[in-house]
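Residues per chain, in single letters:
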Amino acid sequence: MRADVTDLKIGDKVCAILAGSGYAEYVSVQEGQCLPIPAGLTFAEAASLPETVFTVWSNVFQRGNLKSGETLLIHGGNSGIGITGIQIAHSLGIRVIVTVGSDEKGQKCLDLGAASYINYKTQDFETVLQEEGVDVILDMIGGNYLSKNVNILKPEGRLVHINAVSGSHVDLDIWKVMIKRLTITGSTLRSRDYDFKKQLAKEVQKNVWPLIESKQFKPIIFKTFPFTEAPDAHRLLEDGSHTGKIILVR
């Protein structure tokens, strides 16, 4: 045990966010990036938490400044990020709307606390939400979603990007941003330094871990695979039919 490790001891069960992606039986992580496994969770369930919880808290609640009583739109509601965002936001008194690719996925999001869903294969989310508007949008799509997002944001609305699977080069009507006083931002965790991740871990433990311990938020594991079947796990991930996390286990 290193002398500068003060909050953990040998034998403690922890989960952690790594400096970058990686598959391994053992990893070396600085203490500040570790969190105790909440009581009652398996290692597989705990493994599903750090990447998604850190991402949601950093982007939706820190950068997006989402508050109780507001409305959050999550694109990709059935993803690992989506089901995490739904549960945390719902537990904190926030109305959550999601976009999904099927009614079955939409129903699963409703079961987790979403107020409503929009099937993007049969509906245009901009048309559906044009009148009521939303306060914060978590977007991992990019592309032509940008203009639609800008159009449905309420004045002082916040748009947060965490990916751009449909393209990162977009057209933006700056006047709409100015008139509605919008904030457009985004981030990636991998490039952030240790001090940031350490502080983020403290906020997550303070604000999210109690939701898990009180069973207001639970890890959703779609399927686990042994390391030897990692290619099958990737094929399932690429298939896109799942709701929840796909976890590799020993």
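Enquirer: Help me out: how do you make sense of the overall build of the protein chain in this one?
Expert: When its secondary structure is counted, the protein chain shows 10 helices and 10 strands. Taking 250 residues into account, the globule formula puts the C-alpha radius of gyration at 18 Å, and the protein chain, at 18 Å, falls close to it. Along the first, second and third principal axes, the C-alpha set of the protein chain runs to 55 × 35 × 35 Å. Classification of the 250 residues of the protein chain by burial places 46% in the buried group. The contacts in the protein chain between residues at least 6 apart in sequence include a share of 61% that link residues at least 24 apart. Accessible area of the protein chain: about 13,100 Å², with a carbon and sulfur share of 51%. Averaged over its 27 positive side-chain charges, the protein chain has a centre that lies 3 Å from the centre of its 28 negative ones.

Enquirer: What's the story with the packing of helix 2 (residues 50–63) against helix 3 (residues 80–91) in this structure? I'm lost.
Expert: Between two packed helices, both the angle of their axes relative to each other and the distance between the axes serve to describe the pair. Following both chains from N to C, one finds helix 2 and helix 3 inclined at 60°, their axes separated by 9 Å at the closest point. Of the possible angle classes, the one that applies to helix 2 and helix 3 is oblique. In terms of crossing hand, the pair formed by helix 2 and helix 3 is right-handed. Where helix 2 approaches helix 3, its residues Glu-51, Thr-52, Val-53, Thr-55, Val-56, Trp-57 and Phe-61 are matched on the opposing element by Gly-80, Ile-81, Thr-84, Gly-85, Ile-88 and Ala-89. Classifying every residue of the contact of helix 2 with helix 3 gives 7 nonpolar, 5 polar and 1 charged.

Enquirer: Explain the pairing of strand 5 (residues 116–119) to me, please; I cannot follow it from the model alone.
Expert: Here is the key point about a regular strand: its side chains alternate between the two faces of the sheet. In this structure, strand 4 (residues 95–100) lies alongside strand 5, joined through 4 bridges in parallel fashion. Note that in strand 5 the partner of Val-98 across the bridge is Tyr-117. In this fold, the crossover linking strand 4 to strand 5 by way of helix 4 (residues 103–111) has right-handed handedness.

Enquirer: What is the right way to read the state of the cysteines from this model?
Expert: Every disulfide links exactly two cysteines, by a covalent bond between their sulfur atoms. Counting across every chain of the model gives 0 disulfides. Cysteine Cys-15 remains unbridged, with the sulfur of Cys-34 as its closest cysteine sulfur at 8.2 Å. Judged by its relative accessible area of 7%, Cys-15 is buried.

Enquirer: Is there a simple way to explain the sheet that holds strand 6 (residues 134–139) in this structure?
Expert: Where strands meet in a sheet, backbone hydrogen bonds hold them as pairs that are either parallel or antiparallel. Taken together, the 6 strands give an open sheet; going across it, the order is 5-4-3-6-7-8, and neighbouring strands pair in parallel fashion. The open sheet terminates on both sides in strands that have one partner only, identified here as strand 5 and strand 8 (183–186). Taking the axes of each pair of neighbouring strands and ignoring which way they run, one obtains an average angle of 20° across the sheet. The strands touched by helix 4 are strand 4 and strand 5; relative to strand 5, the strand with the most contacts, the crossing angle is about 165°.

Enquirer: Which parts of the structure should I look at to understand the side chain of Ser-187?
Expert: In this structure, Ser-187 sits in the loop between strand 8 and helix 8 (194–207). Reaching out from Ser-187, the side chain makes a polar contact with the side chain of Asn-59 at a distance of 2.6 Å. The residues contacting Ser-187, other than those within four sequence positions of it, are Ser-58, Asn-59, Arg-63, His-161 and Ile-162.

Enquirer: Would you explain the packing of helix 2 against helix 8 in this entry?
Expert: One can describe the packing of helix 2 onto helix 8 by two numbers: an axis separation of 10 Å at closest approach and a directional angle of 90°. Taken as axis vectors, helix 2 and helix 8 run roughly perpendicular relative to one another. Contacts from Val-53, Phe-54, Trp-57, Ser-58 and Gln-62 in helix 2 reach Phe-196, Lys-197, Leu-200, Ala-201, Glu-203, Val-204 and Asn-207 in helix 8.

Enquirer: Explain the pattern of salt bridges here, please?
Expert: Any two side chains of opposite charge can pair, given that their charged atoms come close. Considering all chains together, one arrives at 9 salt bridges under this definition. Where Arg-158 meets Glu-70, a salt bridge forms, and the shortest distance between an N and an O atom there is 2.7 Å. Separated by 88 residues along the polypeptide, Arg-158 in strand 7 (residues 153–161) and Glu-70 in the loop between helix 2 and strand 3 (71–75) bring together distant segments of the chain. Ionic pairing is found between Arg-95 and Glu-132, a salt bridge with its closest N-O pair at 2.9 Å. In this pair, Arg-95 sits in strand 4 while Glu-132 sits in the loop between helix 5 (125–129) and strand 6, placing the two residues 37 residues apart along the sequence. Salt bridges sharing common partners tie together Asp-124, Glu-126 and Lys-148.

Enquirer: Looking at this structure, how should I read the side chain of Asn-119?
Expert: For Asn-119, the position within the fold is in strand 5. Within the structure, the side chain of Asn-119 is placed 3.0 Å from the backbone nitrogen of Lys-121, a separation counted as a polar contact. With sequence-adjacent residues up to four places away left out, Asn-119 is seen in contact with Val-100, Gly-101, Ser-102 and Asp-103.

Conventions used here
- Residues numbered from 1 in each chain as written.
- Predicted model: local features only at pLDDT ≥ 70, side-chain atom pairs only at ≥ 80, totals over all residues.
- Heavy atoms only, no water.
- Helix = DSSP H or I, 4+ residues; strand = E, 2+ residues; numbered from the N terminus.
- Rg over C-alpha atoms; globule rule 2.2 N^0.38 Å.
- Buried < 20%, exposed > 50% of the residue type's maximum accessible area, 1.4 Å probe, protein only.
- Contact = heavy atoms within 4.5 Å.
- Areas by Shrake-Rupley, 256 points an atom, 1.4 Å probe, with all protein chains shown as cover.
- Lys, Arg positive; Asp, Glu negative; His and termini not counted.
- Charge placed at Lys NZ, Arg CZ, Asp CG, Glu CD.
- Axes fitted to C-alpha atoms, helices over the stretch in contact; angles between N-to-C directions.
- Parallel < 35°, antiparallel > 145°, perpendicular 65-115°, else oblique.
- Left-handed = near helix turned anticlockwise from the far one by under 90°.
- Nonpolar A, V, L, I, M, F, W, Y, C, P; charged D, E, K, R; others polar.
- Pairing = 2+ DSSP bridges.
- Right-handed = clockwise from strand over helix to strand, strands pointing away.
- Disulfide = S-S within 2.5 Å.
- Polar contact = N/O pair within 3.5 Å; in protein donor to acceptor, adjacent residues only side chain to side chain.
- Salt bridge = Lys/Arg side-chain N within 4 Å of Asp/Glu carboxyl O.

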